Amino acid sequence: MQINLRLNNQDVEFEAAPGQHLLSVLRSNGVFGIKHGCETGECGACAVLLDGRPVNTCVMLAAQASGHDITTIEGMGGAQMRGWRGSAPLHALQTAFIEMGAIQCGYCTPAMIVAASALLASQPNPSEMQVREALTGVLCRCTGYLKPVQAILRAAAMLRGEDVPLITADGAIPAPPGLFTPRQQNADFDLPEFAGGNGHTALKTTPMPTMVVTEREADRQYVGKPEVKVDALKLVQGHPAFTDDIEMRGMLVGKLLLSPHAHALIKHINVSRAHALPGVHAVLTHKDIPRVAYTTAGQSHPEPGPHDNFSLDHKVRFVGDRVAAVAAETEEIAQKALDLIEVEYEILPAFFDARNAMKPDTPIVHDEPESWRIEDKNRNLAAVIDWELGNCEEAFKTADYVFEDTYYSPKVQQTPIEPHVVVTWFDENDRLIIRTSTQVPFHVRRILAPVLGLPEKRIRVIKPRIGGGFGVKQEVLLEDICAHLSIVTGRPVHMEYTRAEEFFASRTRHDMHLHVKTGVMKDGTIVANALHAISDTGAYGSHAMTVAGNTGHKAMALYNAPNIKFHADIVYTNKVPSGAYRGYGAPQGFWAVELHMEHIARSLGLDPLEFRLKNAIKAGDEHPVSKIWSEGREGAAEHINSCGLPECIDQGAAVIHWHDRFNNPDWHIVSGQPHLRRGIGVATVMQGTAIPNLDMGAASIKMNDDGSFNLLIGATDLGTGSDTVLTQMAAEVLGCPPEDFITYSSDTDFTPFDKGAYASSTTYISGRATVVAAEKVAQQMKEVAARMFSKDGETVSAEEITLHDRAAWSPDGRSVTHREIGLNSLHLEMQHQIMATGSYVSPESPPPFAAQFATVTVDTETGQVTVDELVMAVDSGVIINPVTASGQIEGGMVQAAGYGVCEELAFDEQGRGLNPRFGPYWIYRADDVPSLTTIFVETYEESGPFGAKAVAEIPLDGAGPAIANAMYDAVGVRIKDGPLYPEKVWRALKQKQQL
Ligand code: FES
């Protein structure tokens, strides 16, 4: 059928199948600014304006839109004028999103802007709460919504004609091309305050966090400044940057048949009817492809975990496991083909409680002989970790008090708004191209080569823009099966998880049962601390050993007792597999340890802040776990070079008014509402920065004849801003602004190797590699400049030359521009290419530290816990870009609040997922996030580039336990199993009343 639309002010006609949704029709006609995030209208990534109203196109039939006016991001500014000389102005919203750093991965950005434009059309002067309500239909997993809300309020002011200054803090953000309107830059302008609408604090108009600068190198031109993200302009216009934003002739759609059973053998499978369906090009079962055991964990060689996956197998081990795959002309045909596959299962007994995994009569999940690097198949033990410093049992005997408790950290899902998506095809050289949304392109290539039976050099992995990852894309999940389908059909194949598949067929956080036992003296000194974890890796052992290893390495290192013990059993169950998730085991550990420390402090009548600080590790201390465990190996002793934890505690406590509120009965009550109680809580945490002596990053820089540079990065920017901060570092060394760089990441053919984005390593490892490359290029430039200066008998040496302001400067004040150097080296004298590659692997992993605070209001009648404020004071070394870094903290805090309050994957007694949708699996919306405050307490980390440490993962560690401790403070009940669902809290309150 034909539909007629007025699309972005142009009349268009599109063909549409009767049941086809508007999302599919628009995207198949090249309107890539609208995104697929779900199929139920719950994430809003596909939002457009229909006659001026936001609608979700994934649930709207194309036929319903016929005759209507549709506006997408492509119709809002800039993009519609592409190809013209010059560029059209951006919409004020697009400009404000760039300026305020409101874009992280950028996947939700077009929908946010579209939704906001509808609001501003009807309400030119909205309150903060009106903005939040307008964004409620668009989920963002990256930003915590703070900067998008600030951006929309800013855009509203711009549209009202108010004189809105450029963001000022440490210098103005340079204006990107095509801005809404030229405005004055005034570094001293006082930013006006918008009235806050969330009932807590007035919303600041600046995206800058509070900066507490304790130590710093000399003045920097670009490092430490809130530079605009290098990819902001394309993302704000909805340019086709993501994996799925391509069109290919003859591309097939791949789909998976997933198991309805938690544990079964495939006795018989008949695909003949599916094969016979017109439009079907391939149907694959375990009989059709080689049986190669591999791990989906994207880690450096040799991957330390179990190799227990098969692309397709004759056994299924969880509801959602793969049974068969098809490739067909359309999604509808592919789905029909799946329905025609006949499978006869032999149902096997299944189990879902990790605590039963090692019991004698429990079914064996992996009894196949091909799997390897499994600790003990017969006991469902994927991996085990056991280490001890000192002797805890002896120390417990001498302690004045021993506290012992068991905690549970729930199974949660990463939920990037962009699901896993991949396109595979063969190029003209018969090389397999894998275009995929991955955090680890080089690991994908290496891991898949034996699985596909192709040499690595015949595989090229392209990582376009990623719509969020959070660890779940540190997995090799769809690439293998999509490639198998391309190998069989010879055609390009596209595969993408549905949202339900993302929840119950991809990866999750390891849920853990954690038993903590702590010996304490009367003065609050911890003398022994022991943690026993049972980690549920689900049906496959992805990241099994290393995630739990990180639980011990981080959560048991913060309190530097003379006796520390850690034991983890990482066991299989018949649940959806676990894997990497931002924080990587540390959030589970700190959930237990920080609830436990709070309990000890309160039981002994000690101040929770002082108690923590008294026992916490300090600068100069040896990292207690460093020698004993490092990613499954023995490590080398590492010392803490920099630690701003005491200042973090002071700063955070001041901002959240700890000393006015804690132990203040008046603050804990809400006047006129006796059923409400307020509480305040804290958690202190540490993370790591990269994996020492293992993971390597590299970057290369090439100078062009106009003085610009190509910066090729093997690392992957998930939305974290790493492309930007690496560019800032290169810019600092080479003495020119970031806009002089064409930054590209990553492609296994063109960019140098990098282990990928995980372990909080990109700024530190890939950043150091970038600096190494930039220093080599700088040296080459100085040599050319020295030759250019050394005319007429005068000699200038390269060592005397400095680079700044886009030029090389001789000691006597003469200069040659970068462009002149580029032209000279490529065209005029001693011609050669100025370029270099830098690599870096670190011998250490300096920890960032943080104090995270929360206030909550608990409704004692319903059990509802409302998080009012989250404050995080963090020592991440020197902050390279305060806007992108604070965006990481804000988004991370909100993500972490989820596992504290509202997120948990639920299963029925058959192991079937009960909440595989964004509706029942609740992640924070724009209108229910708490007030967020970020404070950077800068230290100077000697080993880091420009003094930097990691930012990305640490916000996941403490928000959950801080909230739980605040709830305890509010109502005096301890809940040790997250999340703090209302029913759970209500039951605990009832139980307390009965005591
Ligand atoms: Fe919103 Fe990534 S920036 S989902």
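Below is a summary of the structure that appears in this document. Quantities reported herein were computed from a predicted structural model and do not represent experimental measurements.

Next up on the list: the packing of aromatic side chains. Applying the stated rule across the entire model yields 12 aromatic pairs. With a centroid separation of 6.2 Å and 80° between ring planes, the pair formed by Phe318 and Tyr540 is classed as edge-to-face. Note that Phe318 is positioned in the loop between β10 (315–316) and β11 (322–328) and Tyr540 in the loop between β20 (526–538) and α14 (544–555), a separation of 222 residues in sequence. You'll find Phe318 and Tyr540 in the same group, each marked buried. Seen in terms of ring centroids, Trp387 and Phe566 are 5.7 Å apart; in terms of plane orientation they differ by 40°. Their pairing is tilted. Taken together, the positions of Trp387 in strand β13 (residues 381–389) and Phe566 in strand β21 (residues 563–572) put the pair 179 residues apart, joining distant regions of the chain. For the pair Trp387 and Phe566, one class covers both residues: buried. Ring pairs connect the aromatic residues Phe503, Phe918 and Tyr921, which therefore count as one cluster. Sitting over the ring of Phe310, Arg291 keeps its end group 4.0 Å from the ring centre. The ring of Tyr840 carries Arg768 above its face, with NZ or CZ at 5.6 Å from the centroid.

Turning to the sheet that holds β11, a few remarks are in order. Strand order across the open sheet formed by seven strands is β9-β11-β7-β18-β15-β16-β17, with mixed pairing between neighbours. Each edge of the open sheet carries a strand with a single partner, namely β9 (280–284) and β17 (459–462). Adjacent strand axes in the sheet meet at a mean angle of 20° when their direction is disregarded. Pairing of strand β7 (residues 252–258) with β11, which is carried by six bridges, proceeds in the antiparallel orientation. Opposite Leu257, over in β11, you have Ala324 as the bridge partner. Relative to β7, helix α9 (residues 331–340) is tilted by about 30°, and along the sheet it contacts β7, β9 and β11.

Moving on to unusual backbone geometry. Between Ser745 and the following residue, Ser746, the backbone shows a cis peptide bond with an omega angle of -10°. On the secondary structure map, Ser746 appears in the loop between β25 (741–744) and α21 (762–789). A cis amide bond links Gly978 to the next residue, Pro979, at an omega of -5°. Along the chain, the position of Pro979 falls in the loop between α24 (955–971) and α25 (982–994). In this structure, Asp430 is a non-glycine residue whose phi angle is positive, near 60°. Relative to the elements of secondary structure, Asp430 occurs in the loop between β15 (421–426) and β16 (432–436).

Right, let's talk about the side chain of Asp511 for a bit. Here Asp511 is to be found in strand β19 (residues 511–520). A distance of 3.2 Å separates the side chain of Asp511 from the side chain of Lys575, its partner in a polar contact. Beyond its immediate stretch of four places on either side in the chain, Asp511 contacts Tyr408, Ser409, Pro410, Lys411, Ile534, Ser535, Asp536, Lys575 and Ser578.

Further remarks concern helix α16 (residues 608–615). Looking only at α16, the buried set comprises Pro608, Leu609, Phe611, Arg612 and Asn615. An end-on view of α16 places all buried positions within 165° of arc, on one side of the element. Where α16 begins, one side-chain oxygen reaches toward the backbone nitrogen of Leu609, 2.9 Å away; that side chain belongs to Asp607.

Definitions and limits used
- Residues numbered from 1 in each chain as written.
- Predicted model: local features only at pLDDT ≥ 70, side-chain atom pairs only at ≥ 80, totals over all residues.
- Heavy atoms only, no water.
- Phe/Tyr/Trp six-rings, centres within 6.5 Å; stacked < 30°, edge-to-face > 60°.
- Helix = DSSP H or I, 4+ residues; strand = E, 2+ residues; numbered from the N terminus.
- Buried < 20%, exposed > 50% of the residue type's maximum accessible area, 1.4 Å probe, protein only.
- Lys NZ or Arg CZ within 6 Å of the ring centre and 35° of its normal.
- Pairing = 2+ DSSP bridges.
- Axes fitted to C-alpha atoms, helices over the stretch in contact; angles between N-to-C directions.
- Contact = heavy atoms within 4.5 Å.
- Polar contact = N/O pair within 3.5 Å; in protein donor to acceptor, adjacent residues only side chain to side chain.
- Arc of directions from axis to C-beta.

Remember that the coordinates give geometry; whether it matters functionally is a separate question.
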